[in-house]
Amino acid sequence: GPVHTADLVVFGGTGDLSLRKLLPALYHCDRDGRLSPETRVIAMSRGGLADSDFRGKVDAEVRDSVPVDDPAVWQRFLGRLHHVSVDVGGADRTGWHHLAGLLAGQEDRDRVFYLASPPRTFGPFCRELAEAGLVTPRSRVVLEKPLGHDLPSAQRINDEVGAIFDERQIFRIDHYLGKETVQNLLVLRFANAFLEPVWNSLWIDHVQITAAETVGTPGRRGYYDHAGALRDMVQNHLLQLLTLTAMEPPAQNDREAIRDEKVKVLQALRPITGSEVDRFTVRGQYTGAGDLPGYLDEPGSTPPTESSRRVETFTAIRAEIRNWRWAGVPFYLRTGKRMPYRRSEIVVQFKDVPHSIFPGGSPNRLVLRLQPEEGIELHLMAKEPGAGEVTLKPVPMALSFGKTFTARVPEAYERLLTDVLAGNPTLFMRRDEVEAAWRWIDPILDAWRSAPALPEPYPAGTTGPAGAHELLGRSGRAWHEEE
Ligand code: BG6
């Protein structure tokens, strides 16, 4: 569609997310001609920077992380950048006046307020914007995660933001929804004929959703002690992958139709409560191994506290969806820091053939890899060449996006920012989705909070604690590990 001129105001504009993800993504949009010539990016922070200081900072810290093949394009990009210092919650109104001055007379532009700041600031910032008269009918607000730390806090934030912005103006980001493979999942399921008939409990034994990371949490203890893997990764990213895997076919590729189907999946999740939490969930925390420090010894953070000792850096959960399609099919979710590999994938494990006439077959498996290398693999049984007895061998039918398509695979944030600027919320979470996800997470958090035991230790660089393997092992299953 046409590219509208927009003013993008980023709170937390000099922060890590902005420098590592948002600004590089915006540069890519600019380079590919997806920003109108007048579009501006206004970074808000406490930093006291002039526009020129901020441009210098971006030139020094961002330029090397993006491909600058035309210096004129880079200069054009820098020219879009502005900086406004705000005294958050303070008496000094100068910053808000400065912002109002920059935006004055530009009411016909799209206006995007991107809150890449801590969630407790979401409500206050929205109120400030409204009081300063800056919220126009063409305004949108983008909320970064974490959206609260439990259901009540999420509801409070949603109420506060909802008092200023209509739901259709609110874009809640989950960057996993911007990943190429995730969007491909819908195309794979709903633009091909052969999968959907077998996409159910008759043919599928179980599903595994893994987001394994090699990184630890250096310097992040302040945040991570109060988040943990369940809030940081499962409540949002992993549950989003689960909904897209499990949802019913929507009637059209439409913002509400897709989100309606997703929320039904979340509502059908079987609650895990009380003593079941022990049976169906696993918590782990990495300990030092070789050169790798344990969670409690990560450098550059505040000293560990009781919360540090109790926080999970790994979790595995056996989820169930109570509906006609999925009854009896476990969905295993797993994520952890300091695992031996960085790999995010959805593995759909099919059942055995109903009646086997060859020895040695193994059931089909479909692997959707989000990273490191986006791709889809279907493991089929084939006959090994030879004149002797028939020998079966699993062979992958593989689609590598990198090898199949010449176009660059965009970063998730590029896709999502493009959608925000175009006003398309399909890949953003609706209020009822976020709250349904918390509703399922909260009882697990409650049970963990009062559990006498600490998370199970696992050495840094391993695939998690023994409990994670038992979670599948006791029903004769195993995690799909790198082959
Ligand atoms: C973020 C989490 O949402 O996702 C981080 O806060 C995590 O802890 C990151 O490292 C993982 O994102 P990706 O795109 O690298 O898989």
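Above this text is the structure in question.
Anyway, here's the lowdown on the structure attached to this text. Being a predicted model, the structure only gives us computed values, none of them experimental.

### What about the side chain of Arg80?
Thinking step 1. Mapped onto the elements, Arg80 comes out in the loop between helix H3 (71–79) and strand E3 (81–85).
Thinking step 2. Leave out the neighbours within four places in its chain, and Arg80 touches Asp30, Leu35, Ser36, Pro37, Glu38, Thr39, Arg40 and Val41.

### As for the packing of aromatic side chains
Thinking step 1. Under the criterion given, the structure shown has 16 aromatic pairs.
Thinking step 2. Through pairs of rings, three or more aromatic residues link up here, namely Tyr223, Tyr224, Tyr286, Tyr295, Phe314 and Tyr458.
Thinking step 3. The ring of Tyr295 has Arg221 sitting right over it, with the charged end atom 5.4 Å from the ring centre.
Thinking step 4. Of note, Arg343 hangs over the ring of Tyr341, and the distance from its end group to the ring centre comes to 4.2 Å.

### Details of the pattern of salt bridges
Thinking step 1. Enumeration over the complete set of coordinates arrives at 43 salt bridges.
Thinking step 2. Ionic pairing is found between Lys21 and Glu411, a salt bridge with its closest N-O pair at 3.8 Å. With Lys21 in helix H1 (residues 16–31) and Glu411 in the loop between helix H13 (401–404) and helix H14 (412–422), this pair connects stretches of sequence that are 390 residues apart.
Thinking step 3. The exposure class of Glu411 is partly exposed, given its relative accessible area of 45%.
Thinking step 4. Between Asp205 and Arg477 there is a salt bridge whose closest N-O contact spans 2.8 Å. Here Arg477 lies in the segment after helix H16 (466–473) and Asp205 lies in strand E7 (residues 204–212), a separation of 272 residues in the sequence.
Thinking step 5. The buried category is assigned to Arg477, whose relative accessible area is 18%.
Thinking step 6. Overlapping salt bridges bring together Glu256, Arg259, Asp260, Arg430 and Asp432 as one network.

### Things to note about the environment of Val347
Thinking step 1. Tracing the chain through its elements places Val347 in strand E11 (residues 343–350).
Thinking step 2. Val347 gets classed as buried once you look at its relative accessible area, which sits at 2%.
Thinking step 3. Once the C-alpha coordinates of Val347 and Glu377 are considered, the two residues, 30 residues apart in sequence, prove to be 9.5 Å apart.
Thinking step 4. When near neighbours in sequence (up to four residues on either side) are disregarded, Val347 contacts His206, Val207, Gln208, Arg365, Leu366, Val367 and His480.

About the thresholds
Residues numbered from 1 in each chain as written. Predicted model: local features only at pLDDT ≥ 70, side-chain atom pairs only at ≥ 80, totals over all residues. Heavy atoms only, no water. Helix = DSSP H or I, 4+ residues; strand = E, 2+ residues; numbered from the N terminus. Contact = heavy atoms within 4.5 Å. Phe/Tyr/Trp six-rings, centres within 6.5 Å; stacked < 30°, edge-to-face > 60°. Lys NZ or Arg CZ within 6 Å of the ring centre and 35° of its normal. Salt bridge = Lys/Arg side-chain N within 4 Å of Asp/Glu carboxyl O. Buried < 20%, exposed > 50% of the residue type's maximum accessible area, 1.4 Å probe, protein only.

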